[in-house]
Amino acid sequence: LRTLLMKNGIAINGEGRGHYTRARALAEILGERYEIAFWTPDHLAGELSTLFPKAEIHRIPHFSFVQTGFSLDYPATIAVNGALMLLAPRVCARIAREMEKTGITTLLSDFEPFSSRAAKSLGIPVLQLNHPSVVTRSFSFPSGISSFFHQIASKIVSRYMTAYADRKIICSFFDGDVGPIIRKELREKRTERGDYFVVYMKPMYRAWLEPVLDRLGREKFRVFPDAKEDYATTLARSRALIAPAGHQSISEALALGKPVFAIPVSGQYEQLLNAQKLRESGFGDYADFANIATALPAFIGAIHDFETAIARTRLAGTRAFRAAWTCEDQTFRAACMVENFIIESRIRPEWRRRNPALALLPGLF
């Protein structure tokens, strides 16, 4: 039987696939005990409805980044998202009506701003569980005025996206409250140490990266996206991952014991932070596109050292609530933390105070 037939909401940010992957992994576990309703951008709704046919799916808009070449374009990003900021009160009010009709008792949000405001306006307890909030915990200051600006901008964005929450949990392989959250499809794969490297890159990067792969020997690499190959199986049998510096792709590889070579987007501070922490941990390395031709061969040459660092950390395990480095799958631990929040929310009346004005606030905070 489902626990007292409680219905819980899950809200997903639509920029990138990391938010979706974490929410999916937790829903696969929580869905065995609770009814679930999703608030998700349109481009993820089809996958969710296939994976969770009994769940309610509500569509929401989402903020998005605009990238020019290998860099984040701040003016274009602001311009694209400006209209949505103006519509925020209307969006939040509509979501609040849906939540009231659906009857959810708690909301789990992965960096989704509209649903959390709507939930709090109804007195529905909100748990924010995400990775990007790690930028508010980290105080790394890369050299240069532009890097300082990118860090401050990322903190402001994180504050807006998670402003209304009764509790926040940061998922991260560094400085997190819980380690990597991995989808069931990957958790169940048998890992092997293969003789090839998985490369995951956007189509716009291929013209730049493929000549480097050709010089190193194309037979050493398996390039994705590839509709003919299964990414999860290929990664589980690989030697390492080469990918953008998004946290979820890094976490998935580390949880499978695979070192990572990360390529951060210039100007996107969270990715730069992920890459820097990857290097500090000894689990991998990174480079920008201008330096890939020299940095990637060096990474491949030192692959044994990265594998040793991961193996030592995994052998030691996590001995503290918040470990400096965590390269093991902690999906079930994260699910327990979410369920503890659900249970606690039933005895915390201060979390259930209605504030209808929140659904009409367009401001940053």
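Rules and cut-offs
- Starting from 1, residues in each chain are numbered consecutively following that chain's sequence as written.
- For a predicted model such as this one, the threshold for reporting local features is a pLDDT of at least 70, and the threshold for listing and counting side-chain atom pairs is 80 or more; totals across whole chains, interfaces and linings nevertheless cover every residue.
- Heavy atoms throughout the structure, all of them, feed into the side-chain values; hydrogens and water do not.
- Patches were defined on residues exceeding 30% relative accessible area and lacking a salt bridge, with like-charge contacts within 9 Å and nonpolar side-chain contacts (Val, Leu, Ile, Met, Phe, Trp, Tyr) within 5 Å.
- Working definition of accessibility: Shrake-Rupley area with a 1.4 Å probe, residue cover restricted to the visible protein chains.
- Note on definitions: salt bridges are taken to be side-chain nitrogens of Lys or Arg within 4 Å of carboxyl oxygens of Asp or Glu.
- Strands are runs of DSSP state E lasting at least two residues, helices are runs of H or I lasting at least four, and both sets are numbered from the N terminus onward.
- The classification of residues rests on relative accessible area computed with a 1.4 Å probe and restricted to protein chains. Under 20% of the type maximum is buried, over 50% is exposed, and intermediate values are partly exposed.
- Pairs of cysteine sulfur atoms within 2.5 Å are identified as disulfides in what follows.

Peer 1: Whenever I open this one, a nonpolar patch on the surface confuses me. Can you help?
Peer 2: A surface patch of nonpolar side chains, amounting to about 240 Å² of accessible area, comprises Phe148, Ile152 and Ile156. Within the element layout of this structure, Phe148 appears in helix α5 (residues 145-161). A relative accessible area of 42% means that Phe148 is categorised as partly exposed.

Peer 1: Sorry, what's going on with the state of the cysteines here?
Peer 2: Two cysteines joined by a covalent bond between their sulfur atoms form a disulfide. Tallied over the entire structure, the rule returns 0 disulfides. Cys327 carries a free sulfur, and the closest cysteine sulfur to it, the one in Cys171, is 13 Å from it. Using a relative accessible area of 2% as the deciding quantity, one classes Cys327 as buried.

Peer 1: How should I be thinking about unusual backbone geometry in this particular structure?
Peer 2: Trans is the common state for peptide bonds, and a negative phi is the common state for residues other than glycine. For the peptide bond that leads from Phe224 to Pro225, omega is 5°, which places it in the cis range. Along the chain, Pro225 falls in the loop between β10 (221-224) and α8 (231-236). Of note in this structure, Phe111 is not a glycine but carries a positive phi near 65°. Summarising the element assignment, Phe111 is placed in the loop between β6 (106-110) and α4 (113-121). A residue is classified by how much of its surface remains accessible, and Phe111, at 7% relative accessible area, is buried. In this structure, Asp175 takes a positive phi of about 55° despite not being glycine. Mapped onto the elements, Asp175 comes out in the loop between β8 (167-170) and α6 (184-187). For Asp175, a relative accessible area of 25% corresponds to the partly exposed category.

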